[in-house]
Structure formats: C-alpha cells, structure tokens
Amino acid sequence: MYFDFTTAFVFLVVGVGFIAIALVISRLLQPRHPTAVKLSTYECGEQPVGQSWIQFNNRFYVIALVFLIFDVEIAFLFPWAVVFKNLGLFAFVEALIFIGILLVGLAYVWRKGDLEWDKPQTGKYAREAAPELYREVPAPAVSEAREKAMVGEMA
Amino acid sequence: MRELIDALLHSETFFAKLSPTLLTLIFMALGALLIVLVLALNALIAVYAERKVSAWMQERLGPMEVGPRGILQTLADTVKLLVKEDIIPAAADKRLHWLAPFLAFVAPCAAFAALPYARNFVFANFDIGVFYVTAITSLSVIALLLAGWASNNKWALLGGMRAAAQIVSYEIPAGLAILTIVMQVGSLNFNDISLAQDGGIHHWLIWRYFPFNLIAFLVFYLATLAECNRTPFDLPEAESELVAGFHTEYSGFKWSIFMLSEYAEMLLVALVGAALFLGGWSSPIPGFLNTGAWGVLWFGLKGVVLILTHMWLRWTLPRLRVDQLMHLSWKVLTPFSFACIVGVGLWMLA
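Worth saying up front: this structure is predicted, and the values here are computed from it rather than measured.

Rules and cut-offs
- Every chain's residues receive numbers from 1 upward, in the order its sequence appears when written.
- Just so you know, chain letters begin at A and ligand numbers begin at 1, following the order they were written in.
- Restriction of local features to residues with pLDDT of at least 70 applies here, the model being predicted, together with a cutoff of 80 or more for giving and counting side-chain atom pairs; totals for whole chains, interfaces and linings are based on all residues.
- Hydrogens and waters are ignored; side-chain quantities use all the structure's heavy atoms.
- To qualify as a helix, a DSSP run of H or I must reach at least 4 residues; to qualify as a strand, a run of E must reach at least 2; elements of each kind are numbered from the N terminus.
- Between N-to-C directions, angles span 0 to 180 degrees; the directions come from axes that are lines fitted to C-alpha atoms, helices contributing only their stretch in contact.
- For classification purposes, an angle smaller than 35 degrees is called roughly parallel, one larger than 145 roughly antiparallel, one from 65 to 115 roughly perpendicular, and anything else oblique.
- Each crossing gets its hand from how the near helix is turned against the far one by less than a right angle, where anticlockwise is left-handed and clockwise is right-handed.
- Residue contacts are defined here by distance: any two heavy atoms, one from each residue, within 4.5 Å place the two residues in contact.
- Ten residue types, Ala, Val, Leu, Ile, Met, Phe, Trp, Tyr, Cys and Pro, are classed as nonpolar, four, Asp, Glu, Lys and Arg, as charged, and the remainder, Gly among them, as polar.
- Buried area counts how much accessible surface, traced with a 1.4 Å probe, disappears from two parts once they are put together, with both parts' losses summed.
- Any carboxyl oxygen of Asp or Glu within 4 Å of a side-chain nitrogen of Lys or Arg constitutes a salt bridge here.
- We define a polar contact as two N or O atoms separated by no more than 3.5 Å, with the added condition that, inside protein, one atom must be a possible hydrogen donor and the other a possible acceptor, whereas residues neighbouring each other in sequence contribute only through side-chain atom pairs.
- What is meant by a nonpolar core is a set of buried Ala, Val, Leu, Ile, Met, Phe, Trp, Tyr and Cys residues, joined one to another through side-chain atoms within 4.5 Å.
- Burial classes: relative accessible area under 20% of the type maximum marks a residue as buried, over 50% as exposed, and values in between as partly exposed (1.4 Å probe, protein chains only).
- Expected span, for any helix, means 1.5 Å times one less than how many residues it has.
- In this analysis the local bend is the angle between axes fitted, respectively, to the seven residues ending at and the seven residues starting at the residue.

A. Broad picture of unusual backbone geometry. Residue and element names in this part refer to chain B. At the junction of F210 and P211, the peptide bond is cis and its omega measures out at 0 degrees in the coordinates. Among the secondary structure elements, P211 is positioned in the loop between α8 (190-195) and α9 (212-227). Located in the positive-phi region is Y209, a residue other than glycine, with phi close to 50 degrees. Residue position: Y209 is located in the loop between α8 and α9.

See below:
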C-alpha cells in the first residue's frame, strides 16, 4: 500500500516540477516591460471600477450545502457498494432508507426553489436577495489630468 | 510496476546493484515523466485535432500555414506562448495567482497514476483506485476558484464562482454513476473492474443490466463533460459574456498551463469512462490482440474516441444558461443516477 501512495506522491512531485521548469524557461525567454496601464485590471478597456474582492450574491450558498451533504453521502456509500454483493437484501434496504432520507431533503430544497437560479419573486416561496448583499462600490477618483486626457482622446 | 522492479532487482543486470529504494523511486519518477510527456503530447495533438474538427464541421480549412496541412501549428503556438510576457495585474494576489496553474495541472496528472493501462499494468495499483481518482480530481475546483479570486478581476471572479458551483454540482451525479459500477464489480480497484469486462464487446459493463448501466454511462459522460468545463457546459469561461472567465488575467505560458490541464482532464475522464464502462484495456473482439501491451492500444483508442465525441458535441451544441445547467445536474442527472443505483441493486438481488 505504501508503494502505491508513494507512486501517487511521486506523480504529484513530477507534475509540480514540470510546471515549475516550464515557467522558469518561459521566464528566461520572455521580455519584461511592465507599465502601469499594462498591469491594470482588465475591464474591457474601461477604467477599472473598484475592487473585485467585494461581497456579492453568488446564489450558490444553499447548493453548496446540498453538495456537501450529498458528497458525504457518496463517500459513505462507497464502502457499502464494494461489499453489496455479499450482504444482500438487508444491506440494500438499509441503503435505501439512507438514500431515501437524503432524497426527501433534495425534494424539500427543490420545492423551496433553492435549486433555481431565478428565485421566485411572488407567492408562498418568494425569495428575494437581501439588499445588503449588493453594497455600493464607491466610484474611483479620476484625477483631473486623466479626465483631461480622456476628453482629449475623444475630441 | 512493482513486479517489474522486483524482477530487475533480482536480475544479473546493472540494476541489481542499486539500492531497492533508489531504483523504485527512479522507476516511479520515470513513469510520472512518461505520463507528463503523454499529457503534453495529448494537448499538442488534441488542440490541432479540435481546430481541424471544428473547421471541417463548419466547412473551413482550419490551420494550414505551419507545416504540411498546418500540422505544426500547435507546436508554433507553444513556442509563441513560451516567449510571451507574463503579466500579473498589480491588483492581483501574486502568490495565489502563481499557485493556481500548479494546482490545475497536478490534479489530473496525479490521477493518471491509478489508471489501468494494460492487463496488470498500473503505476499505483490502489485498492481504492476509483475513489482516489474522484478525490484527487476535485482539487481542480480549488485551482479554478483560486485563479478567479487571485486575479482580482470581476470577470475572473464570476468565472471562478461559476466553475466552483458547476464542478461541485456535477460531481454528485458522476459519483453516483460510478457507484452503480462499483456495486456490480464489488471492487474499487481499476484493474478488477477492467478484468470483470474482459472477453469482447458484449462483456462491457455498459450493456449489463440494460438499460440501467447505459443510463449510468450517459449520466457519467455528461457530468464529466461538465466537470471539464467543455461546451455545452463552458460557462466558467464563456467568452461572449465573461471575456475568458477565470483565466482572464492569465497570459503567456501560465495561460497555456490551464489549457494543458483542460485537455489532460478530458483525456482523464475519457479514460476513466473507458475503464468503468467500455472494457478498459480489453479488446472489443474476443481473443483478438487481447494480451499484454496491446491493452494500451485498446485503452488509448477508447479514450480517443470519447475525446472525439467531446469535440463533436462542442461544435454541435450551443452553451447552456446557468439555470439550465443547475437544472440538468440536480433535477435530471441526480434523480436518474439514484434510479440506476436502485434499479441495479434490485436486479442483483432478484
């Protein structure tokens, strides 16, 4: 068993080494002329507005929780599946109960609309995103010189 | 591989004089290097193939300039990428920005250690091989999320978040589809699973317990396609809305490492699919070239065919919307894969 895990570890190390060597070679061959504009964040040619490390509603919170539960469930089912042939009906019924409980959970989440991208806006299951999830990002201060330059470009 | 090393140690050759530990480590490293080379070659050929396939499907010629029929195009592109300037945005988190490509490549690369390449030939013959592969490939989620976050770019962040939600969602049906196979074979060892399908195309697990295994295969195929972020599931890098998604702020060779990893992952899921459902290294015709090293040929061929279907789908289907993506995973594939487990279980008991 140690042999197999060592092999896997050697694969990890060689993978890292390959990337490192490739990046070092690339580093030696490439030109390096950084400028402020080149190093600015790409926003389709516009002036970048604020940071991207902000709070936003990514809508996947509940899905992440559901995933966690199902993933643990699958991890539990793997050993069951390996010995299923030898255990027969009793183990099958037990697994069915186990899966059944989780399926009830899935049905609940489904019914509540948490698997939807567009949350229902009206009715019993209305879900609106909390307003504090959308914080206003303060506009960046554009210097006078830059503004003049922009006007100049347009003219 | 272990047997090979043992044989060398007890032979009369030069190898017997080396210390066993050293020899073992050298052989492991050589095996890993071989796989890394195969992955690099795979990306070179697959990128060319993909461009040609797309061109032919759209009645274009595709790359034609570099070499005969453009065959050296990707090689030239690699050289170009190698000498391009690596730009890290001033606002980015530099350390994490560097870390992401490493993680993205290492995850599929390490998984290749456990695949069955031929009868009794595996680099790491894990008893828990299938579990190991599913576990280590999940690392790629972290790589994409890290790339998106570290760039401090809005497109990248959205792409990274989408990648996380998508890969995480599709891991469930993929894992459940794998479970149906594990139930039938009673082992997590890839070689045992391939051995259970030996002896021709009619022994492949995809046909057994019809239609449950066929459905499980389709679920597995779609879910792994989504885990590779391939069209129609390429939302994390949807170029028409997110510029380039999680790798918007990556340039030069670091960018190409993400491409390399994507193609490595395609090869990985194709080979895992072949090993689980399509007979692994065994020949489709009973008794025909079904010995020893021929297994590598059959295994590789099955992988290539599956990759070609990935490409075919990519240039046929339009991209899904995010809500359709979530719908497909949680409301279609997951219930179907549960049905497969129950169906196969009942059939086995009957």
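B. Local environment of the packing of helix α2 (residues 61-87) of chain A against helix α13 (residues 322-349) of chain B. Where α2(A) contacts α13(B), the axes come no closer than 14 Å and their chain directions differ by 20 degrees. Here α13(B) runs roughly parallel to α2(A), going by the angle between their axes. Between α2(A) and α13(B) lies a crossing of left-handed hand. Contact residues: α2(A) offers I63(A), V66(A), F67(A), F70(A), E73(A), W80(A), F84(A) and K85(A), while α13(B) offers M326(B), W330(B), F338(B), I341(B), G345(B), M348(B) and L349(B). Its residues assigned to classes, the contact of α2(A) with α13(B) shows 12 nonpolar, one polar and two charged.

C. Representation of the interface of chain B and chain A within the structure. Taken residue by residue, the interface counts 88 residues in chain B and 69 residues in chain A. Both sides of the chain B and chain A interface together cover about 6,900 Å² of buried area, and 78% of this is carbon and sulfur. Counting the contacts that link chain B with chain A gives one salt bridge. Across the pair E85(B) and K38(A) runs a salt bridge, and its minimum N-O distance is 2.8 Å. Where chain B touches chain A, the interface holds nine residue pairs in polar contact (both at pLDDT 80 or more). No other element matches helix α7 (residues 154-185) of chain B, which puts 18 residues into the side of chain B that touches chain A. Across the side of chain B that touches chain A, the residue classes break down as 64 nonpolar, 13 polar and 11 charged.

D. Seen up close, the nonpolar core. Counting 122 residues, the largest nonpolar core has W80(A), F112(B), L115(B), L276(B), F277(B) and W330(B) as the members making the most contacts within it. Here the element with the most residues in this core is helix α11 (residues 252-277) of chain B; it accounts for 16 residues. Within the second largest apolar cluster, 14 residues are counted, among which are V141(B), A143(B), A163(B) and F246(B).

E. Region of the structure containing the environment of F190(B). Along the chain, F190(B) falls in helix α8. Not counting chain neighbours up to four residues away, the residues in contact with F190(B) comprise A114(B), L115(B), P116(B), G129(B), V130(B), V133(B), V272(B), A275(B) and L276(B).

F. How the structure looks around α2(A). Taking 1.5 Å per residue as the helical rise, α2(A) with its 27 residues ought to reach 39 Å, and the 38 Å between its terminal C-alpha atoms agrees with that figure. If you look at α2(A), its biggest bend is around 40 degrees, right at A81(A). For α2(A), the complete set of buried residues consists of I63(A), V66(A), F67(A), F70(A), E73(A), I74(A), L77(A), F78(A), W80(A), A81(A) and F84(A). Lining the buried residues of α2(A) we find α3 (89-112) of chain A together with α5 (129-137), α7 and α13 of chain B. Phi for G88(A), located one or two positions after α2(A), is positive at around 75 degrees.

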